[in-house]
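# Architecture at a glance
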Amino acid sequence: MSADSAPPPPPSSRTRSRTFTPRKALGWLASLVKLVCGLIALLLVVYIAFTLGKANPANAWAIFVSTWAQKFDLGLANLFAPPSPPWLAVVLNYGIPALIWLVIGSLLSRLIRRF
């Protein structure tokens, strides 16, 4: 037989795995949701670090992080006001929302993957 008349090779598993399926799309969406919630939690942790480290409030990064941390604090920024030590208020008021964002991301991700 000549090389021209040989049948084409069967599609490899790589080719088959690249097809679009709704399940794959939901998997990507679930990963994206978890990533975004994780980044929000990271932003809140960076805000805690900047605050505890007494970062310059006029610095562009400090302003950026502070602005976005206040948007994602879930209304818990003034929940605790312990008299002392003052750093405990920052850790509680922004640490708890960070943990909540991680839980939200995990729960939503699992919920999306179930469908």
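Anything mentioned here points back to the structure above.
Overview of the structure.

How two helices pack is summed up by the angle between their axes together with the distance between the axes. With their axes 9 Å apart at the nearest point, helix α2 (residues 22–52) and helix α3 (residues 60–71) run at an angle of 125 degrees to one another. Of the possible angle classes, the one that applies to α2 and α3 is oblique. Crossing of α2 over α3 shows left-handed handedness. Between α2 and α3, the contacting residues are Leu-43, Leu-44, Val-46, Tyr-47 and Phe-50 on the first element and Trp-61, Ala-62, Val-65, Ser-66, Trp-68 and Ala-69 on the second. Looking at the contact of α2 with α3, its residues break down into ten nonpolar, one polar and no charged.

A surface patch of nonpolar side chains, about 540 Å² in accessible area, is lined by Leu-29, Leu-32, Leu-35, Val-36, Leu-39 and Leu-42. Following the sequence through the fold, Leu-32 ends up in helix α2.

Turning our attention to a positive patch on the surface. The grouping of Lys-34, Arg-110, Arg-113 and Arg-114 at the surface amounts to a positive patch. Ranked by residues supplied to the positive patch, first place goes to helix α4 (residues 86–114) with three residues. Mapped onto the secondary structure, Lys-34 falls in helix α2.

Before going further, it helps to spend a moment on the side chain of Ser-109. Tracing the backbone shows Ser-109 in helix α4. Given a relative accessible area of 5%, Ser-109 falls into the buried group. Setting aside chain neighbours within four positions, we find Ser-109 in contact with Ala-30 and Lys-34.

In this section: the nonpolar core. Ranked by internal contacts, the top residues of the largest apolar core, which has 17 residues, are Leu-44, Tyr-47, Ala-69, Tyr-94 and Trp-101. The set of elements that each furnish at least two residues to this core consists of α2, α3 and α4. With nine residues, α2 is the single largest residue contributor to this core. Each residue touching Trp-101, except ones within four places of it in the same chain, is listed here: Cys-37, Ile-40, Ala-41, Leu-44, Phe-72 and Leu-74.

Here is what the cut-offs are and how they apply
Residues numbered from 1 in each chain as written. Predicted model: local features only at pLDDT ≥ 70, side-chain atom pairs only at ≥ 80, totals over all residues. Heavy atoms only, no water. Axes fitted to C-alpha atoms, helices over the stretch in contact; angles between N-to-C directions. Helix = DSSP H or I, 4+ residues; strand = E, 2+ residues; numbered from the N terminus. Parallel < 35°, antiparallel > 145°, perpendicular 65-115°, else oblique. Left-handed = near helix turned anticlockwise from the far one by under 90°. Contact = heavy atoms within 4.5 Å. Nonpolar A, V, L, I, M, F, W, Y, C, P; charged D, E, K, R; others polar. Patch = residues over 30% accessible without salt bridge, like charges linked within 9 Å, V, L, I, M, F, W, Y side chains within 5 Å. Areas by Shrake-Rupley, 256 points an atom, 1.4 Å probe, with all protein chains shown as cover. Salt bridge = Lys/Arg side-chain N within 4 Å of Asp/Glu carboxyl O. Lys, Arg positive; Asp, Glu negative; His and termini not counted. Charge placed at Lys NZ, Arg CZ, Asp CG, Glu CD. Buried < 20%, exposed > 50% of the residue type's maximum accessible area, 1.4 Å probe, protein only. Core = buried A, V, L, I, M, F, W, Y, C linked by side-chain atoms within 4.5 Å.

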